[in-house]
Amino acid sequence: MIEVTRGGGPIVLGLPHTGTELPGDIREGLNETGRAMADTDWHIDRLYSGLRDDITMVRQVEHRYVIDVNRPPDGQSLYPGQNTTDLCPLTDFDGRAIHREGCAPDAAEIARRIEVYHAPYHAALSTELARVKAKHGVAVLYDCHSIRSVIPRLFDGSLPDFNIGTNLSTTCAAIVEKTVEKICAAAGGYSSITNGRFRGGWTTRHYGDVEAGIHAIQMELAQSTYMEEAAPWDWDAAKATRLREQLARILNGLSELVEKGALR
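For clarity, every value in this text was computed on a predicted model and none was experimentally measured.

Caption draft 1: Highlighting the packing of aromatic side chains. Scanning the model with the defined rule gives five aromatic pairs in all. Centre to centre, the rings of Trp42 and Trp233 are 5.6 Å apart; their planes meet at 15 degrees, and the pair counts as stacked. Separated by 191 residues along the polypeptide, Trp42 in the loop between helix 2 (32-36) and helix 3 (44-48) and Trp233 in the loop between strand 7 (214-222) and helix 7 (237-259) bring together distant segments of the chain. Summarising the burial analysis for this pair, Trp42 and Trp233 share the class buried. Summarising the aromatic geometry, the rings of Phe162 and Tyr190 are spaced 5.2 Å apart at their centres and angled 55 degrees between planes, so their arrangement reads as tilted. One end of the pair, Phe162, is in strand 5 (residues 162-165); the other, Tyr190, is in the loop between helix 5 (174-185) and strand 6 (192-194), and 28 residues separate them in sequence. According to the relative accessible area criterion, Phe162 is buried, its value standing at 1%. The class of Tyr190 is buried, set by a relative accessible area of 12%.

Okay, here's the thing in structure tokens:
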């Protein structure tokens, strides 16, 4: 099931990795590591909730170990030559197997999951982007993510706090990218980077089309900015409150671009 919260504003939030549901048959095929779901984008829906009352949110409720809706359905790597995870992941971010012996999904099962979970999420996202664009003339897709700040298998050292992804400045107008960069740079005590280790997943790359009036940008947050980065993955109220102020500035800045006609 896809959760859709409709708002009247120009921004659509994509939340592909906050879900923690594991359908029974799929859960049975996971080992203890898989069932721990360590790679969840924990609390992201809570982090963005209520920052603006006109926001549209599209949220996948199944966990990314069922299928990663931010990967292309043909399974092609978004980061050739670098460690990453698959459309239907076989390992967690640390490289540990997540399935019981003999229970990894085969080609037929992957095709079923694309039809049952991947396609409906993107159908919902496409519908909301079309609705918003019809109303405002443009739509801004802001794809919401988070990840542990230290994962040696995926990147060296500690990840910056704000990781802005526009696929090398191709998925949105320059002013969109610059607006987000400026707000992040001015956020005291936080670090930021644009198109570093995370340049935007399939969602950002697939929907971002400046000529068509769809401006897509991904935000990958270091989880250390708002929570404890170990089980039970607790929310840190003080950190989260401070971070939410910056996220509200970002969403307000993007909305203002549309209100001022800067994207038309």
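Once the structure has been displayed, the description carries forward.
Caption draft 2: Structural view of empty space enclosed by the protein. For the coordinates displayed, the defined rule picks out two cavities of 30 Å³ or more. Counted as a void, the largest cavity has a volume near 220 Å³. Around the largest cavity sit 21 residues that line it, and Arg64, Arg71, Phe93, Phe198 and Glu220 are the ones nearest its centre. When contributions to the lining of the largest cavity are tallied by element, the ones reaching two or more residues are strand 4 (139-147) and strand 7. The class makeup of the residues in the lining of the largest cavity is six nonpolar, 10 polar and five charged. Of the volumes computed, that of the second largest cavity is approximately 40 Å³. The residue makeup of the lining of the second largest cavity, split by class, is four nonpolar, three polar and three charged.

Caption draft 3: Representation of the sheet that holds strand 5. Strands sit in the order 1-3-2-4-7-5-6 across an open sheet of seven strands; the sheet is mixed. The outermost strands of the open sheet, each flanked by one partner alone, are strand 1 (2-5) and strand 6. Between one strand and the next, the sheet's axes are offset by a mean angle of 20 degrees, whatever the strand orientation. As defined by bridge partners, strand 2 (residues 11-15) adjoins strand 3 (residues 56-60) across four bridges and the pair is classed as parallel. Residue Val12 lies in a different strand from strand 3, and its bridge partner there is Thr56. Each of strand 5, strand 6 and strand 7 is contacted by helix 5, which is oriented at about 25 degrees to strand 7, the strand it contacts most.

Rules and cut-offs
Residues numbered from 1 in each chain as written. Predicted model: local features only at pLDDT ≥ 70, side-chain atom pairs only at ≥ 80, totals over all residues. Heavy atoms only, no water. Phe/Tyr/Trp six-rings, centres within 6.5 Å; stacked < 30°, edge-to-face > 60°. Helix = DSSP H or I, 4+ residues; strand = E, 2+ residues; numbered from the N terminus. Buried < 20%, exposed > 50% of the residue type's maximum accessible area, 1.4 Å probe, protein only. 1 Å grid on protein atoms, 1.4 Å probe; cavity = no way out; pocket = protein on both sides within 12 Å on 5 of 7 lines; lining within 4 Å. Points joined across faces, edges and corners; volume = space filled by probe spheres on them. Nonpolar A, V, L, I, M, F, W, Y, C, P; charged D, E, K, R; others polar. Pairing = 2+ DSSP bridges. Axes fitted to C-alpha atoms, helices over the stretch in contact; angles between N-to-C directions. Contact = heavy atoms within 4.5 Å.

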